[in-house]
Amino acid sequence: MRVLGVDPGLTRCGVGVVDGEPGRVGRLVTVEVVRTDPDDELSLRLLALDEALSALIAEHQPQSVAVERVFAQHNVRTVMGTAQAGAVAILAAARAGLPVQTYTPSEVKAAVTGSGQADKAQVTTMVTRLLRLPAPPKPADAADALALAICHIWRGGTQAKIRAATLRTVGGSR
């Protein structure tokens, strides 16, 4: 399964593509941080983010997209920008006909490190190990995007298998 993970942000949006299967070592396809200029108009920043994400989807052909779910923060302006960037990622995936799953930061941390309370350094260390990277991905937005992709491969892939097995069982009993 190939997954595009998105750590949404208006100034810095982490994007990582990983190939993998549940419970197995993944393979890094690409990772980058899409940046927009805070001095630009909001509409232009969102458009630039949409164009970059759409280009990455077209180039790398993921089978699904995992986006970090916005959680409450004290800084409303930061929350708004993160939510807007997340919505752009979801829209770009929907436009490409791809399924999208959102995960909370705690779900991603738990999937990658075993603890929903892990800090950014622990997440980066585990992403580096799980993908057998020669060096940690930087900045943290890049590592977080890869963690999202890994989380979806492991959790989303398993959930899809359970749904498929359930459908086979229900379909077979009729």
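Residues numbered from 1 in each chain as written. Predicted model: local features only at pLDDT ≥ 70, side-chain atom pairs only at ≥ 80, totals over all residues. Heavy atoms only, no water.

As recorded by an unreviewed UniProt entry, the protein chain carries the name Crossover junction endodeoxyribonuclease RuvC and is attributed to Luedemannella flava. The annotation that UniProt attaches to the protein chain under Catalytic activity (unreviewed entry) is "Endonucleolytic cleavage at a junction such as a reciprocal single-stranded crossover between two homologous DNA duplexes (Holliday junction)." Per UniProt, the protein chain has the following entry under Sequence similarities (unreviewed entry): "Belongs to the RuvC family." (UniProt positions renumbered as here; feature names shortened; annotations may be inferred.)

Novice: Looking at this structure, how should I read the side chain of Asp7?
Specialist: Among the structural elements, Asp7 can be located in strand β1 (residues 2–7). In contact with Asp7, not counting residues within four places along its chain, are Arg12, Cys13, Gly14, Glu68, Asp141, Asp144, Ala145 and Leu148. (Helix = DSSP H or I, 4+ residues; strand = E, 2+ residues; numbered from the N terminus. Contact = heavy atoms within 4.5 Å.)

Novice: Sorry if this is basic, but what is going on with the sheet that holds strand β4 (residues 64–68) here?
Specialist: Sheet strands pair via backbone hydrogen bonds, and the direction of the pair is either parallel or antiparallel. Strands sit in the order β3-β2-β1-β4-β5 across an open sheet of five strands; the sheet is mixed. Of all strands in the sheet, those with a lone pairing partner are β3 (27–35) and β5 (100–103), marking the two edges. Ignoring strand direction, the axes of neighbouring strands in this sheet form an average angle of 20 degrees. The strands that helix α2 (residues 76–95) touches are β1, β4 and β5; relative to β4, the one it contacts most, it runs at about 170 degrees. (Pairing = 2+ DSSP bridges. Axes fitted to C-alpha atoms, helices over the stretch in contact; angles between N-to-C directions.)

Novice: Can you help me understand the pattern of salt bridges in this one?
Specialist: Oppositely charged side chains can form a pair if their charged atoms are brought close together. For the structure on display, the rule yields six salt bridges. Residues Asp19 and Arg27 are paired through a salt bridge, measuring 2.6 Å at the closest nitrogen-oxygen approach. The buried category is assigned to Asp19, whose relative accessible area is 17%. Salt-bridge contacts for Glu21 lead to Arg24; the nearest nitrogen and oxygen are separated by 3.9 Å. Here the salt bridges share partners, and the residues they tie into one network are Arg2, Asp19 and Arg27. (Salt bridge = Lys/Arg side-chain N within 4 Å of Asp/Glu carboxyl O. Buried < 20%, exposed > 50% of the residue type's maximum accessible area, 1.4 Å probe, protein only.)

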